[in-house]
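Letter by letter, the chains look like this.
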Amino acid sequence: MAGSNPFQKYLKTLTVGSKEYKYFDLPALGSQYDKLPYSIRVLLESAVRNCDNFQVRESDVDNVLNWNQSKAIEGVEIAFKPARVILQDLTGVAAVVDFAAMRDAVKDLGGNPDKINPICPSDLVIDHSVQADFVRSQDALSKNEALEFERNMERFTFLKWGTKAFRNMLIVPPGSGIVHQVNLEYLARVVFTDGEVLYPDSVVGTDSHTTMINGLGIVGWGVGGIEAEAVMLGQAITMLLPEVVGYKIVGKLNQYVTSTDLVLTITKHLRQLGVVGKFVEFFGPGVAELSIADRATISNMCPEYGATIGFFPVDSNSLEYLRQTNRSEMKIQCVETYLRATKMLRNFADSSEDPTFSEVVTLDLSTVVSCVSGPKRPQDKVAVSEMKTDFVGCLTNKIGFKGFGLSPDVLNKKVPFQFQGKEYTLQHGSVLIAAITSCTNTSNPCVMLGAGLLAKKAVALGLSVAPYVKTSLSPGSGVVTYYLKESGVVPALEKLGFDVIGFGCMTCIGNSGPLDDAIVEAVEKNDLVCCGVLSGNRNFEGRIHPNTRANYLASPLLVIAYAIAGRVDIDFETEPIGKSSEGKDVFLRDIWPLRSEIQAVEKQHVIPAMFRDVYAKIENGSNKWQALKAPSDQLYPWDAQSTYIKRPPFFAGMTKDLPARTSITGARVLLFMGDSVTTDHISPAGSIARNSPAARYLGQRGLTPKEFNSYGSRRGHDEVMARGTFANIRLVNRLVTKAGPRTIHLPSNEELDVFDAAQRYQATNTPLILIVGKEYGSGSSRDWAAKGPLLLGVKAVIAESYERIHRSNLVGMGLIPLQFLPGETADSLGLTGQETYTIELPGDLQPKQQLTVRLDTGKHFQVVVRFDTEVDLTYYKHGGILNYMVRKMAH
């Protein structure tokens, strides 16, 4: 049972204005505190404040305080209780569905369903799901909003029920902005000041880019939706005490580069260094040169360089940002006073404040050049000056992250097509989608205003974008629209086709909407490698759109530049971007705004009043939101006819006793895959293909293709989501000859859709496993990447390595993640995926234990159980973390 806090003696009092607060005096814990990385100080404060010798023990405090010694010991575990949880609507819907189902399950077990309620403050922001439908329309914003409410009415109504049904949960209505930008501009506390005790803000979120908040000095990272639900119910996170890489920034950016160029440079640098599972903390005099928006851009890309967090401690720039975003002077004073008292306020110019790091690397800002990343991964940086050569090389390189495997004789293919009554030509490298989108850049006034100024100069010279290029501008919040209008750049953006069409991630998460049929036909019949250019953070195959095989991450300025050029195989130094209205060549350098020019406009037009006006409306929502009628019952009244919201089967037949966990015998391989299988390959995302199992299911329920909506919008319906698991058209399964969502059913040797094969196996009670290579589950922290395989009948995964969040999600759903021994792979062991597998699970299963896998061929090999902690093992024994919580609450 929980006991009293043994660190109460360190509680001190400080006064802000006329109010007294208590706080834990961390420097009094010992002299070693002064050399702790600032990110570790936040973990320490949480351990001290929450220490009850039950969930958080005194040994956790000792381990964090003595980080310099503890980090030298491999596998030191600590318990961490974040201050709050944040959810976006795609994973948020799934979480609220789970909470509603858990209430039913607790009631069925004789418990009080009202115990299923967030204990930890939780915020859910609706808007990840907005799709780019109307893009070049005078009324695109209101048309898209109306369409979103029409096709998401059930889901929005369910979430509105959640606002009433659950205490301690704020649900931010649609139309407010991208979750990470709303978090930064509105929800972020920096220091919690709404109680008697002051403490640092910290957060876990159900999106891997929760790390964006690190730019404001808040420790936060993405977790699986399942793990987030446990935190919401008051559970601590068990984590390994991390190494902290000190990333020293010196120098200044030159006038022609953007913060996007900087972040792509850092992403490649840190990915090469290898920071998976580590904290990265930025320091050095160059940090003071970066705005909070610049820092947030760098922190946002943390999942792409692989670290747990990319942290910028709070400094005077952070306090000024709070002022700019309309936080009260009393709040800012409280934040500053507390952080000074606990030595958590940073002066980057003072090297005497530099903490001890596990290792230190340095970047000189003056070395950063204009760049993009692609064509298939965010860490594959390409200097803009080398883009033409690089892309042409990718066309004929063997199929891989930097290759499409085309033969040289098709490189110059040109394909005519008709669009809106005119003839145009497509070729390899043609830009089909150009989207200023995603949290990474739309939170940054510098690059957004830069794009506007570039557009203004382009329009003045008579440049335009071909009408078949699907252009879109989806800002991160209404504040962006506000300052774009005030600075006078909106007419030019609209002239080039970049109308504001909604507030959401849109294209970055695959909600790019359809392309014209003539374009799709031209691309597919001629096997063209056409392109998407977006200001996002993810460009994995099949994510942006099925018909853009090459996708490049770029600054908003370069998104517009490539849209005007119409192709990516252009050398901007030597080739004109277009012709002026007078017929003269125009080069990119002729329209590119200087950094100082952009900053002057930002200083004039990004003001606190904008944030006050935009966020004053957030509680009530739009008229459409206010008009929604939601149930008021404590238990959700499930509608059996709904194709959006359904009671999930995770708790069906559940008892108070633990389920028996036996060896996995005679298992078949559902999929046999290679390296870098992302959650985009696993989890249902994007549009629902008309020939897919999910489409057949919805068709049988009376829906037409135009009513299918997206997988993201249907994350609250397990029947749809199970059918969409492994439905990615770029999925490479070695059991079949072509990429796509197909596999071989054994022993019949029939090729079937993955879902149909899984159904066939379930009919004969055949357990399933997955065999994969390195970095399994990299990408967004999608809970359905674990829930989906569970519903398909998968019992275990054998991989060379795992992405951290996905491994946690597998454990959270009761699946067992196994890892090949170092140096061993499926190929080195001679595995074909045609065998049957028996995995021997002992009754006293332990974390990191070696197990034997036996094949029907007579072969056997060893694997390691990737339960990293005793908590992982506990969850597995219960059949997953949700089952554990239901049993706990029922008792």
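The preceding data block contains the structure.
Residues numbered from 1 in each chain as written. Predicted model: local features only at pLDDT ≥ 70, side-chain atom pairs only at ≥ 80, totals over all residues. Heavy atoms only, no water.

1. Some points on the overall build of the protein
Okay, so step 1: A count of helical and extended segments in the protein gives 32 helices and 34 strands.
Okay, so step 2: Taken over the C-alpha atoms alone, the protein extends approximately 80 × 75 × 55 Å along its principal axes.
Okay, so step 3: Per-residue burial over the protein gives 64% buried out of 891 residues.
Okay, so step 4: Sequence separation of 24 or more characterises 75% of the internal contacts of the protein that already satisfy a separation of 6 or more.
Okay, so step 5: As presented, the protein carries roughly 31400 Å² of accessible surface, and 48% of it is formed by carbon and sulfur atoms.
Okay, so step 6: Positive and negative side-chain charges of the protein, numbering 92 and 95 respectively, have mean locations separated by a distance of 2 Å. (Helix = DSSP H or I, 4+ residues; strand = E, 2+ residues; numbered from the N terminus. Buried < 20%, exposed > 50% of the residue type's maximum accessible area, 1.4 Å probe, protein only. Contact = heavy atoms within 4.5 Å. Areas by Shrake-Rupley, 256 points an atom, 1.4 Å probe, with all protein chains shown as cover. Lys, Arg positive; Asp, Glu negative; His and termini not counted. Charge placed at Lys NZ, Arg CZ, Asp CG, Glu CD.)

2. Side note on the packing of aromatic side chains
Okay, so step 1: Counted by the stated rule, this structure contains 25 aromatic pairs.
Okay, so step 2: Here F99 and F166 contribute two aromatic rings whose centre-to-centre distance is 5.7 Å and whose plane-to-plane angle is 85°, an arrangement assigned as edge-to-face. With a gap of 67 residues between them, F99 in helix α4 (residues 89-108) and F166 in the loop between α6 (153-165) and β6 (169-172) connect regions that are remote in the sequence. The same class applies to F99 and to F166, which are both buried.
Okay, so step 3: Between the aromatic rings of F158 and W161, the centroid separation amounts to 5.6 Å while the plane-to-plane angle is 25°, which identifies the pairing as stacked. (Phe/Tyr/Trp six-rings, centres within 6.5 Å; stacked < 30°, edge-to-face > 60°.)

3. Description of the sheet that holds β6
Okay, so step 1: Read across the open sheet, the five strands follow the order β6-β5-β4-β9-β10; overall the sheet is parallel. Both outer strands of the open sheet, β6 and β10 (219-222), are each paired with one neighbouring strand and no more. Within the sheet, the average angular offset between the axes of one strand and its neighbour, ignoring direction, is 15°.
Okay, so step 2: As paired strands, strand β4 (residues 84-88) and strand β9 (residues 202-205) are joined by three bridges and run parallel to one another. Paired with R84 across the two strands is V203, which belongs to β9.
Okay, so step 3: Contacts between α4 and the sheet are confined to β4, β5 (122-125) and β6, with β4 contributing the most and set at about 110° to the helix. (Pairing = 2+ DSSP bridges. Axes fitted to C-alpha atoms, helices over the stretch in contact; angles between N-to-C directions.)

4. Some remarks on the pairing of strand β19 (residues 422-427)
Okay, so step 1: Note that strand β18 (residues 414-419) and β19 share six bridges and pair antiparallel. Across the sheet, residue F417 finds its bridge partner in β19, namely Y424.
Okay, so step 2: Between β18 and β19, which pair antiparallel in sequence order, lie two residues; one of them, Q420, sits at a positive phi of approximately 50°.

5. Describing the sheet that holds strand β12 (residues 244-250)
Okay, so step 1: On the basis of which strands lie adjacent, the open sheet formed by four strands has the order β14-β13-β12-β15 and parallel pairing. Every interior strand has two partners, whereas the edge strands, β14 (309-311) and β15 (359-364), have only one. Averaged over all neighbouring strand pairs, the angle between strand axes comes to 20°, with direction disregarded.
Okay, so step 2: Sheet analysis places β12 next to β15, joined by six bridges and oriented parallel. The residue of β15 that forms the bridge with I249 is L363.
Okay, so step 3: Lying on the sheet, helix α1 (residues 38-50) is in contact with β12, β13 (279-283) and β14; it crosses β13 at an angle near 125°.

6. Remarks on the nonpolar core
Okay, so step 1: Within the largest apolar cluster, 297 residues are counted, with the highest numbers of intra-cluster contacts made by Y562, L670 and Y776.
Okay, so step 2: Tallying contributions element by element places α4 first for this core, with eleven residues.
Okay, so step 3: Beyond its immediate stretch of four places on either side in the chain, Y776 contacts M673, V677, I682, F726, L770, V797, A799, S801, Y802, E803, H806 and L810.
Okay, so step 4: The next biggest cluster of nonpolar side chains, apart from the first, holds nine residues, and it includes I688, A695, L698 and V720. (Core = buried A, V, L, I, M, F, W, Y, C linked by side-chain atoms within 4.5 Å.)

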